[in-house]
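Topology and contacts: notes
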Amino acid sequence: MSVSFRSAFRFAVLCLSSGAVLGACSSKAPEEPEFDHGLKKPLVRKLREELTETPCDKAKAQQLGQLLLDTGDTKGLTKVTDTFGEKCGPNIVLLQLSYTANARAGEKEQALKAATALVTAQPDNASYHVWRGLSLEALGRTEESAVDLQKAFDQQPGQRPILNALVKAYDAQGKSCEALAAYQRFVQNAKPSEAKSAEVQDQLQERASKTSCPAADSATPEAAKAP
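Let me begin by describing the structure that accompanies this report. (Residues numbered from 1 in each chain as written. Predicted model: local features only at pLDDT ≥ 70, side-chain atom pairs only at ≥ 80, totals over all residues. Heavy atoms only, no water.)

**Focus on the overall build of the chain**
Selection criterion: Comment: elements are numbered from the N terminus, with helices defined as DSSP H or I runs of at least four residues and strands as E runs of at least two. A 1.4 Å probe rolled over the protein chains alone gives each residue an accessible area, and that area as a share of the maximum for its type sets the label: buried under 20%, exposed over 50%, partly exposed in between. Only heavy atoms matter for contacts: two residues are in contact if any of them lie within 4.5 Å across the pair. Values of accessible area rely on a 1.4 Å probe in the Shrake-Rupley scheme; residue burial ignores everything except the protein chains shown.
When helices and strands are counted, the chain shows 13 helices and zero strands. Tracing the chain from N to C terminus, the helices and strands come up as α-α-α-α-α-α-α-α-α-α-α-α-α. A total of 227 residues make up the chain; the buried ones form 33% of that total. The contacts in the chain between residues at least 6 apart in sequence include a share of 50% that link residues at least 24 apart. Total accessible area on the chain is roughly 13700 Å²; 54% of this is exposed by carbon and sulfur atoms.

So, in structure tokens, the structure goes:
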């Protein structure tokens, strides 16, 4: 056995026998430090241990999710949500918490992932289309954002926040006719106090005066047409 090979062999044996002590022997990246949950740490640990035994316990998973949101552990909450979904199916409450945490933290892709799961689970919920639309907008995917916001508006055409988000998306694309159509539809469906407000009427008149659009039916997006 050559000297060089013998040295390499001895080093390999040394790493195998004491690698836990000699960090230089391993190329494995060090684990991230445990998140500090403060006074909630014992309860977080307890719930995690209990969920190891009963992974599909919705009440405990949701309680843990809320604790992780409250303590700012966004990564931990995302992991709990994903793990529960893989083993037990989507949990609406966990997905809501995950979306909220990731949106607050600026984790755009993770927020989009949670919002998409919510839309898939409850496609008739306008709020989830808004959440996904806002997530897509944050990622610069304006056209896709408008599609989701339009769906939300179709479901609740009298909601001013949805109108504002939708019009913003259309304005960003230069789609003035679609934005005007949204205002016109809002006026038809909103409460009189909202529809007749000075701000809405001013916007409607200003947009109508500056916009030359085809007939109303063709100006209105397909999704906005009555069935």
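Having seen the model, we can carry on.
**Examining helix 12 (residues 198-210)**
Keep this limit in mind: Here, expected helix span is obtained from the residue count minus one, scaled by 1.5 Å. Working note: the arc is built from the helix axis to C-beta atom directions.
For helix 12, which comprises 13 residues, the first-to-last C-alpha distance of 18 Å matches the rise-based estimate of 18 Å (1.5 Å per residue) to within 8%. Those residues of helix 12 not exposed but buried are Val-200, Leu-204 and Arg-207. With its buried residues spanning 75° around the axis, helix 12 presents them on a single face. Counted as exposed and oriented over 90 degrees from the buried face of helix 12: Ala-198, Glu-199, Gln-205, Ser-209 and Lys-210. Where the residues of helix 12 are buried, they touch helix 9 (160-172), helix 10 (176-189) and helix 11 (192-195).

**A short note on the nonpolar core**
Rules: Residues grouped as a nonpolar core are buried Ala, Val, Leu, Ile, Met, Phe, Trp, Tyr and Cys residues, joined through side-chain atoms within 4.5 Å.
Core analysis: the biggest nonpolar cluster contains 22 residues, and Phe-153 and Leu-163 have the highest contact counts within it. Elements supplying a minimum of two residues to this core: helix 7 (126-138), helix 8 (142-155), helix 9, helix 10 and helix 12. Looking at this core element by element, the count peaks at seven residues for helix 9. Setting aside residues no more than four positions away along its own chain, Leu-163 makes contact with Phe-153, Ala-182, Tyr-183 and Phe-186. Listed in part, the 14 residues of the second largest apolar core include Ala-61, Leu-67, Leu-68 and Phe-84.

**Overview of the state of the cysteines**
Here is the rule: Throughout, disulfides are identified as pairs of cysteine sulfur atoms within 2.5 Å of each other.
Enumeration according to the criterion identifies two disulfides in this entry. In this model, Cys-56 is linked to Cys-88 through a disulfide, with the two sulfur atoms separated by 1.9 Å. Across the disulfide from Cys-56 to Cys-88, rotation about the S-S bond amounts to roughly -90°, and the bridge is consequently left-handed. You can see Cys-56 sitting in the loop between helix 2 (41-53) and helix 3 (58-71) and its partner Cys-88 sitting in helix 4 (residues 74-88), a full 32 residues away along the chain. The class for Cys-88 is partly exposed, based on a relative accessible area of 28%. The disulfide partner of Cys-177 is Cys-213, and the gap between their sulfur atoms is 2.2 Å. In this structure the cystine formed by Cys-177 and Cys-213 twists about its S-S bond by roughly -105°; its chirality is therefore left-handed. Taken together, the residues span a long stretch of sequence, with Cys-177 in helix 10 and Cys-213 in the loop between helix 12 and helix 13 (216-219) at a distance of 36 residues.

Functional significance is not addressed by these values, which are geometric in nature.
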